[in-house]
Amino acid sequence: HRHLLGIEGLTRDQILALLDAAESFFDVSRRSVRKVPTLRGKTIINLFYEASTRTRTSFELAGKRLSADVINISASTSSTVKGESLLDTVQNLQSMQPDVLVIRHSASGAPHHVAARIRAAVVNAGDGTHEHPTQALLDAFTIRRKKGAFEGLTVAICGDVLHSRVARSNVRLLNALGARVRLAGPRTLLPPAAESLGAEVYPRLEPALEGADVVMMLRVQRERLQGAFLPTSREYSRAFGLNAARLSLAKPDALVMHPGPMNRGVEIDPAVADGPQSVILDQVEAGVAVRMAVLWVLAAESNEPPPAAG
Ligand code: CP
């Protein structure tokens, strides 16, 4: 690999190799081993043009637990506010010789645009409504730890699919690994020709939940709605919120997932988010190991052996 721009373009074997590498880093990510020297001397820049709690923190921790030097830049406190363009920004950062540039941007395709123009390896940390590959990888890591395999699983991804880069990356990854994917949401929040993504499409929540092994809830991305469709939270919750009664339609051992940030009481009832089937915080924990694996693949010297931890 030279960059990680999306799940699109990754083979099943490449995805499984990343998940296996994440397994080998899991102990370090959970701090039963404190740190490994794998990326000593490497520099990672996190460049975030959109808000983030989980992705940014876990990329920073992943880099640090691999002994890399990690720099964080928020566009809101950078010279972006003085009018500097994305390309000028990354070319200036390139002059400081980073090995990896992790980028989040509201424009779909921004990481691809950057990757074609700089020497550093580029990781897409979420671009517009397009892809969020490390989120899909950490979701897959969590599912595999809990369910063992993907073949035969039915995964329902529910909510604002239209604006969700998480949904797009997950559909691609789950298809590649042999799971069945259902997409459910209000018709106005389902992408046109959603079936062409490789999923069954449901304009109601209940039939999508029936017999599901995994229920993944998505936030309504009001910041991307531009006033086009704004159900009240109460209306949305009544029709599309995951509560205990609706969850009982899924398999009794179904996993409840959410990429975060959650809007409690809107797309997910607090009792479900905090309930025994929820693996939402396991997903966050997996994020560090998965991002360690991605940084290792992109930044470690090619002749370096896999990590000893694990
Ligand atoms: N899931 C996710 O990308 O969360 P953040 O926006 O907080 O990084």
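How each quantity is defined
- Residues numbered from 1 in each chain as written.
- Predicted model: local features only at pLDDT ≥ 70, side-chain atom pairs only at ≥ 80, totals over all residues.
- Heavy atoms only, no water.
- Helix = DSSP H or I, 4+ residues; strand = E, 2+ residues; numbered from the N terminus.
- Rg over C-alpha atoms; globule rule 2.2 N^0.38 Å.
- Buried < 20%, exposed > 50% of the residue type's maximum accessible area, 1.4 Å probe, protein only.
- Contact = heavy atoms within 4.5 Å.
- Areas by Shrake-Rupley, 256 points an atom, 1.4 Å probe, with all protein chains shown as cover.
- Lys, Arg positive; Asp, Glu negative; His and termini not counted.
- Charge placed at Lys NZ, Arg CZ, Asp CG, Glu CD.
- Near = heavy atom within 4 Å.
- Polar contact = N/O pair within 3.5 Å; in protein donor to acceptor, adjacent residues only side chain to side chain.
- Nonpolar A, V, L, I, M, F, W, Y, C, P; charged D, E, K, R; others polar.
- Pairing = 2+ DSSP bridges.
- Axes fitted to C-alpha atoms, helices over the stretch in contact; angles between N-to-C directions.
- Expected span 1.5 Å × (residues − 1).
- pLDDT = per-residue confidence, 0-100.
- Core = buried A, V, L, I, M, F, W, Y, C linked by side-chain atoms within 4.5 Å.

Caption draft 1: Representation of the overall build of the protein chain within the structure. Across its full length, the protein chain carries 11 helices and nine strands. Over its C-alpha atoms the protein chain spans a radius of gyration of 19 Å, differing by no more than 12% from the 19 Å that the globule rule assigns to 310 residues. The C-alpha extent of the protein chain, read off along each of the three principal axes, is 55 × 45 × 35 Å. Going through the 310 residues of the protein chain one by one, you find that 55% of them count as buried. When contacts within the protein chain are restricted to residue pairs at least 6 apart in sequence, long-range pairs at least 24 apart make up 73% of them. Summed over all atoms, the accessible surface of the protein chain reaches about 13,000 Å², with 51% contributed by carbon and sulfur. Of note, the protein chain has its 36 positive side-chain charges centred 3 Å away from the centre of its 31 negative side-chain charges.

Caption draft 2: A look at the site of the ligand. Close to the ligand lie Ser52, Thr53, Arg54, Thr55, Arg104, His132, Gln135, Pro259 and Gly260. Between an oxygen atom of the ligand and a side-chain N or O atom of Ser52, the distance comes to 2.6 Å. When the ligand sits alone it has 260 Å² of accessible area, and the protein chains cover 91% of it. Looking at side-chain class alone, the shell around the ligand contains one nonpolar, six polar and two charged residues.

Caption draft 3: Geometry of the sheet that holds strand S6 (residues 180–184). Pairing in this open sheet of five strands is parallel, and the strands run S7-S6-S5-S8-S9 from one edge to the other. Each edge of the open sheet is held by one strand with a lone partner, namely strand S7 (200–202) and strand S9 (255–257). Put simply, the sheet's adjacent strands are angled 20° from each other on average, direction ignored. Here strand S5 (residues 154–158) pairs with S6 via five bridges, running parallel.

Caption draft 4: Structural detail: helix H6 (residues 165–177). The end-to-end C-alpha distance of H6, which contains 13 residues, comes to 18 Å, matching closely the 18 Å that a straight helix rising 1.5 Å per residue would cover. Two to three positions downstream of the cap, the backbone nitrogen of Val166 sits 3.3 Å from a side-chain oxygen, assigning the N-cap of H6 to Ser164. Following H6 by one or two positions, Gly178 adopts a phi angle in the positive range, close to 95°.

Caption draft 5: View of the confidence of the model for the protein chain. Residues at a pLDDT of 70 or more form 96% of the protein chain, whose mean pLDDT is 93. If you check the scores for this complex, the pTM reads 0.95 and the ipTM reads 0.98.

Caption draft 6: Quick look at the nonpolar core. The biggest cluster of nonpolar side chains holds 66 residues, and the ones touching the most others in it are Leu19, Leu137, Ile157 and Leu183. Considering each element in turn, this core owes the most residues, 11 residues, to helix H11 (residues 280–299). Setting aside anything within four residues of it in sequence, one finds Leu183 in contact with Ile157, Val161, Val171, Leu190, Ala194, Leu197, Ala199, Glu200, Val201 and Tyr202. Counting 25 residues, the second-largest nonpolar core is a separate cluster that includes Val220, Tyr236, Leu247 and Ala273.

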